[in-house]
There are 2 protein chains.
Amino acid sequence: MSVLAVGTVAFDDIETPFGKRDKELGGSATYITLAARFMSSDVKLVAVVGDDFPDEYIDVLRSRGIDLEGLEVERDGQTFAWGGKYHYDLNNRDTLFTDLNVLSSFDPVLPESYQASRIVCLGNLDPSVQESVMKQVDDPAMVLCDTMNYWIEHTPDSLKDLLGKIDCLVINDSEARELSGVPNLVLAARRIRSMGPEILIIKKGEHGALMFAGETVFSVPAFPLENIQDPTGAGDAFMGGFAGHLSGCRDINLDALKRALVYGSVVASYSVEQFGPEGLYDLTRSEIEGRIDAFRDLTTIPMSSIESIDSSS
Amino acid sequence: MSVLAVGTVAFDDIETPFGKRDKELGGSATYITLAARFMSSDVKLVAVVGDDFPDEYIDVLRSRGIDLEGLEVERDGQTFAWGGKYHYDLNNRDTLFTDLNVLSSFDPVLPESYQASRIVCLGNLDPSVQESVMKQVDDPAMVLCDTMNYWIEHTPDSLKDLLGKIDCLVINDSEARELSGVPNLVLAARRIRSMGPEILIIKKGEHGALMFAGETVFSVPAFPLENIQDPTGAGDAFMGGFAGHLSGCRDINLDALKRALVYGSVVASYSVEQFGPEGLYDLTRSEIEGRIDAFRDLTTIPMSSIESIDSSS
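Being a predicted model, the structure only gives us computed values, none of them experimental. (Residues numbered from 1 in each chain as written. Chains lettered and ligands numbered in written order. Predicted model: local features only at pLDDT ≥ 70, side-chain atom pairs only at ≥ 80, totals over all residues. Heavy atoms only, no water.)

*Asks:* Would you mind showing me how to read the relation of the copies chain B and chain A here?
*Replies:* Each of the two chain copies goes to the other by way of a rotation about an axis and a shift along it. Mapping chain B onto chain A calls for a screw motion: a turn of 180 degrees about the axis and a shift of 0.0 Å along it, with 0.0 Å RMSD after fitting. Classification of the inter-copy transformation places it as that of a two-fold axis. Of the residues that chain B buries at the interface, 100% are likewise interface residues in chain A, meaning the two copies contact each other through the same surface. (Least-squares fit on C-alpha atoms with pLDDT ≥ 70 in both. Contact = heavy atoms within 4.5 Å.)

Written out as structure tokens, the structure reads:
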């Protein structure tokens, strides 16, 4: 099944304790599509850039099979740009600047070939733009949505309107606490799901993610890594891996959702090992499957054995 | 097999967003022993209190089968007291006071009946006291040790001396970063294990725990709870549950260690649902086993099924 991702394609200035890059290829749509393409041969991107956007970056996406018919290039426009600096433990970052540029007037019109997309990823954007894209898809099997504190604070009405229409919200723990107004994540999940989304995924950075679906809670850790260069885009790569796996499932049932969460976590783990999205450039499906196996070893609880000699109660 | 725990037995003044208690029964040895007793019928406590310590609290421990021959009552002494206030999300707390009192001259001498203990838990204390207790046990199958930032900063030499002699260190993530001097937990684990302990468990509060043993990394989440009243003692209850499970295993192999980590997490989850150690008072082994089953549902990754229709590489 096809995966459609709307979001940003951007210039990122990134500084981490391990290096510094200017005008790195970035943006939520970039990471989502580069991550989804390992599990789906039909990945479509919707975004806008200015005519300052280099062909070299277009080629990064096109050469990896991403459908770019929905990438609008605005004449005389400047590409959206973001700068951030990470603290020493990589768990916190300061945003240095955000230049919306062409994003401020982004009003996407989907190519006709996009309208039959099955899995829709609404990357972090103005909720009204996210809703507009969703409405242009005929009959999606699943709509996933990200958001951020800015929209929770500044456009609460259009965000709440959107939440009533999507299937799955994917946000981080601080956003879940802010959106719900409660610090306990289990209670926060209940309150957020009462706003609409049947499925809620709470991302916790280096601590993994929690998924709430039906009566089920499912937990995945982040894959333990010795070498983390740059966490930028990890949450988007996670969403892309999650969506990619679902696109290959006949039924999107609970088991499929659980496995998708593991794929999301594994693809994100490869993304953070290099700067920008470079960790996703030459990655292979078999490398992903190898880390999926390692992930099982990391989390599988052995059954009790006959070795138990004492079971006092 | 028997479990011996040395640590504090204390008066705790606790304030959380959900209530306030003065002179609550507390201390690391209290939580460790109350948690271990569900999996072991032979749990021995080593600690000191003043003669201001009420019989009522002694009875809490004795009536639950804890061997108190090693609990010293110092005449005219004041019991160790600690006060803490938790922030709204329960992840951070301020220590309001720490009155060492009888703890400042604590020099435990083990009763003869304690010397054959098999699993030894060195609760957070001066490392030289921890080492003195360890040396009085003849041939333990396993020595577990907790510590805290204070000892890392103030008694680094005696801590390092101790680390060379124990089997398993159990500390939280900020302590692991401070002890190793590196922010990445995988690298921190490698460095700490090179100081001695073959097994390292890093506790991450609401995010669960990581265990490093041999070439293996194993991850458990915290059990998701709607109702957390008081996180005090959770790390000690975790250690007690971990030690308790190991005490029932004929071989302390990797599978046993993994299961023990789950028992630790589950017993800790019951502890935080009530104030002080009260969540451990009337808990039953069958309630623990029920939550162990729920824990498997929370973490078990379903195998791939035939439903996959797309596996492009």
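*Asks:* How should I be thinking about unusual backbone geometry in this particular structure?
*Replies:* Among all residues except glycine, the phi angle is most often negative; among peptide bonds, the trans geometry is most common. For Lys23 of chain A, which is not a glycine, the phi torsion comes out positive at approximately 50 degrees. Along the polypeptide, Lys23 of chain A turns up in strand β3 (residues 19–26). In the Ramachandran plot, Leu90 of chain B falls in the positive-phi region, its phi being about 70 degrees despite a non-glycine side chain. On the secondary structure map, Leu90 of chain B appears in the loop between β6 (81–86) and β7 (93–99). The class of Leu90 of chain B is buried, set by a relative accessible area of 14%. (Helix = DSSP H or I, 4+ residues; strand = E, 2+ residues; numbered from the N terminus. Buried < 20%, exposed > 50% of the residue type's maximum accessible area, 1.4 Å probe, protein only.)

*Asks:* Before we go on, may I ask you to explain the interface of chain B and chain A in this structure?
*Replies:* For an interface, size is often stated in terms of accessible area lost upon the parts coming together. Between chain B and chain A, the residue contacts involve 57 residues of the former and 57 residues of the latter. When chain B packs against chain A, close to 5000 Å² is buried across both sides, 50% of that on carbon and sulfur atoms. Summed over the shared surface of chain B and chain A, the result is four salt bridges. Take the side of chain B that touches chain A: its biggest share by element is six residues, from helix α10 (residues 285–299) of chain B. (Buried area = accessible area lost by both parts, 1.4 Å probe. Salt bridge = Lys/Arg side-chain N within 4 Å of Asp/Glu carboxyl O.)

*Asks:* Mind showing me how you'd approach the pairing of strand β1 (residues 3–6) of chain B here?
*Replies:* Regular strands have side chains that alternate between both faces of the sheet. Residue and element names in this part refer to chain B. Burial along β1 is two-sided: the residues Val3 and Ala5 and Leu4 and Val6 are all buried. Of the pairings in the sheet, the one linking β1 to strand β4 (residues 43–50) comprises four bridges and is parallel in character. Bridge pairing links Val3 to Val43 in β4. Examined bridge by bridge, β1 and strand β8 (residues 119–122) share four bridges and lie parallel to one another. Residue pairing across strands places Val6 opposite Leu122, the latter belonging to β8. (Pairing = 2+ DSSP bridges.)

*Asks:* Looking at this model, I keep getting lost on the packing of aromatic side chains. Mind explaining?
*Replies:* Two aromatic rings are characterised by how far apart their centres lie and by the angle between their planes. As enumerated under the stated definition, the model contains ten aromatic pairs over all chains in all. Summarising the aromatic geometry, the rings of Phe53 of chain A and Tyr57 of chain A are spaced 5.7 Å apart at their centres and angled 55 degrees between planes, so their arrangement reads as tilted. We note that Phe53 of chain A, like Tyr57 of chain A, is buried. Between the aromatic rings of Tyr150 of chain B and Trp151 of chain B, the centroid separation amounts to 4.9 Å while the plane-to-plane angle is 90 degrees, which identifies the pairing as edge-to-face. Accessibility expressed as a relative area gives 41% for Tyr150 of chain B, which makes it partly exposed. Take Trp151 of chain B: its relative accessible area is 15%, and that puts it in the buried class. Among the aromatic residues, those joined into a cluster by ring pairs are Phe11, Phe53 and Tyr57 of chain A. Above the plane of the ring of Tyr270 of chain A lies Arg291 of chain A, whose end atom (NZ or CZ) is 3.8 Å from the centre. Sitting over the ring of Phe11 of chain B, Lys23 of chain B keeps its end group 4.5 Å from the ring centre. (Phe/Tyr/Trp six-rings, centres within 6.5 Å; stacked < 30°, edge-to-face > 60°. Lys NZ or Arg CZ within 6 Å of the ring centre and 35° of its normal.)

*Asks:* Any chance you could explain the side chain of Lys204 of chain A here in plain terms?
*Replies:* You can see Lys204 of chain A is positioned in the loop between β11 (199–203) and β12 (209–213). With no salt bridge to any partner, buried Lys204 of chain A finds its closest opposite charge in Glu206 of chain B, at an N-O distance of 6.0 Å. At 3.3 Å, the side chain of Lys204 of chain A forms a polar contact with the side chain of His207 of chain B. Not counting the four nearest positions on each side in its chain, Lys204 of chain A is found in contact with Asp173, Leu185, Ala209 and Leu210 of chain A together with Glu206 and His207 of chain B. (Lys, Arg positive; Asp, Glu negative; His and termini not counted. Polar contact = N/O pair within 3.5 Å; in protein donor to acceptor, adjacent residues only side chain to side chain.)

*Asks:* Mind showing me how you'd approach the sheet that holds β3 of chain A here?
*Replies:* By way of backbone hydrogen bonds, the strands of a sheet pair with one another, either parallel or antiparallel. Residues and elements named next belong to chain A. Spatially, the four strands line up as an open sheet ordered β3-β2-β6-β7, and their pairing is mixed. Pairing within the sheet leaves two strands with one partner each, and these edge strands are β3 and β7 (93–99). Sheet twist, expressed as the average angle between the axes of neighbouring strands with direction ignored, equals 15 degrees. Sheet analysis places strand β2 (residues 10–16) next to β3, joined by six bridges and oriented antiparallel. Within β3, the position partnered with Glu15 by the bridge is Lys20. (Axes fitted to C-alpha atoms, helices over the stretch in contact; angles between N-to-C directions.)

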